[in-house]
Amino acid sequence: MPKFATLALKAAMKALKPQMGKIDLEHQRVMQDKAVQLCKPGRPTRYLPVEVAGMKAAWEGPVRGAPEDRAVLYCHGGAYLYGSLEYARVVAAKIALAAGLNVLAIEYPLAPEHPYPQALEAAVAAYRHLLELGFRPEHIALAGESAGGNMVMALLLKLKALGVPLPAAAAVLSPWCDLGGRGESYRARAETDVTLDPDSITDAARMYAAGASLDDPLISPAFGDFTGCPPVLIQCGSDEILYSDCLNLYLRLRDQGVNVVMQTWNELWHVFQCYPIAESKTAVAEIAAFLRRGLGLPVRRSRATAHPFRVMQRP
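Predicted model, so just to flag it, every value in this text is computed and none were measured.

Draft legend 1. Examining the nonpolar core more closely. Core analysis: the largest hydrophobic core is formed by 69 residues, its most contacted members being Trp 176 and Ile 234. Excluding its chain neighbours within four sequence positions, the residues that come into contact with Trp 176 are Ala 79, Tyr 80, Ser 146, Ala 147, Asn 150, Tyr 186, Ile 201, Ala 204, Ala 205, Leu 242 and Asp 245. Counting 33 residues, the second largest nonpolar core, distinct from the first, contains Tyr 87, Val 103, Leu 233 and Ala 288.

Draft legend 2. Here's a closer look at the side chain of Lys 10. If you trace the backbone, Lys 10 turns up in helix H1 (residues 4–20). Given a relative accessible area of 15%, Lys 10 falls into the buried group. When residues no more than four places from it in sequence are discounted, the contact partners of Lys 10 are Val 194, Asp 239, Glu 267 and Trp 269.

Draft legend 3. How the structure looks around unusual backbone geometry. In this model, Ala 111 is joined to Pro 112 through a cis peptide bond whose omega is 0°. With respect to the helices, strands and loops of the structure, Pro 112 is situated in the loop between strand S4 (103–106) and helix H4 (118–132). For Ser 174, which is not glycine, the phi dihedral falls at a positive 50°. Here Ser 174 shows up in the loop between strand S6 (169–173) and helix H6 (185–188). Within the chain, Glu 267 stands out as a residue other than glycine whose phi angle is a positive 65°. Assignment of secondary structure puts Glu 267 in the loop between strand S8 (260–265) and helix H9 (278–294). Residue Glu 267 is classed as partly exposed on the basis of its relative accessible area, which comes to 30%.

Draft legend 4. Region of interest: the sheet that holds strand S3 (residues 71–75). The mixed open sheet is built from nine strands, whose spatial order is S1-S2-S4-S3-S5-S6-S7-S8-S9. The sheet is open, and its two edges are formed by strand S1 (46–52) and strand S9 (310–313), each paired on a single side. In this sheet, neighbouring strand axes are inclined to one another by 20° on average, regardless of whether the strands run parallel or antiparallel. Bridge analysis of strand S2 (residues 55–61) against S4 gives four bridges, and the strand direction is antiparallel. Each residue of the ladder has a partner; that of Trp 59, found in S4, is Leu 104.

Cut-offs and rules
- Residues numbered from 1 in each chain as written.
- Predicted model: local features only at pLDDT ≥ 70, side-chain atom pairs only at ≥ 80, totals over all residues.
- Heavy atoms only, no water.
- Core = buried A, V, L, I, M, F, W, Y, C linked by side-chain atoms within 4.5 Å.
- Buried < 20%, exposed > 50% of the residue type's maximum accessible area, 1.4 Å probe, protein only.
- Contact = heavy atoms within 4.5 Å.
- Helix = DSSP H or I, 4+ residues; strand = E, 2+ residues; numbered from the N terminus.
- Pairing = 2+ DSSP bridges.
- Axes fitted to C-alpha atoms, helices over the stretch in contact; angles between N-to-C directions.

Shown next as structure tokens:
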């Protein structure tokens, strides 16, 4: 059962949800970037703005102690329509602090101005940038939430197709994996999801794909061949419409022999890890431990308070 403060926040978000659908795209972009600032981690980070393949980007890391030969590439969410570097930095910083790692967050081009495949091409360029900096593939991990989770999984498929050495691990938070919206949870959990609704997701998918097939695995990674890909951690809330996307991705990866773990938090919502709640600290600590293991580093003892969640993993 979530804590009282978490349930209160959830109720407030549910009350605001109908109003969000009445705001145009440009104002939603501005509001998202401003609202997410309330979710910044309480501790300072070492912040270094850079340019990567013509994109704004930034390194987020702990003030001291991060290994300089390891890196995490972070892809932010926002249905491929929203999200700036300021938005991306928030979850990237949380992961950086919890894992003691340097995390590179990118501001990739957004639809509808820049539809598929421009965002994916930007992610490929960012990964190649890390290789050019001298990071070994086994010392690079990927992470992303929502559409950023889609981007992470599509990036694995694209790198595999290009013959580029794959990273060591990938952590995806509430990944949006079937842009056709065919999962059962799109209908069954539309009322419990306090942030997303099926109609908005359908519109976003149309704008991002811009006429390309929603069955293309580089657009809907739920249909991809991940054989030979590195370990993957999937996290989601039980109340979100993307639950089916997460479950179907887990089952596909499991059946293709990928080392995959899925963690589900009861009664929580889409990308709850972004919010300043106790359950978020536990989830981010799990992400941190997974990434450190994948990168061949000892797992750090977490100070996060334990909260129950369901775990499925490949036997």
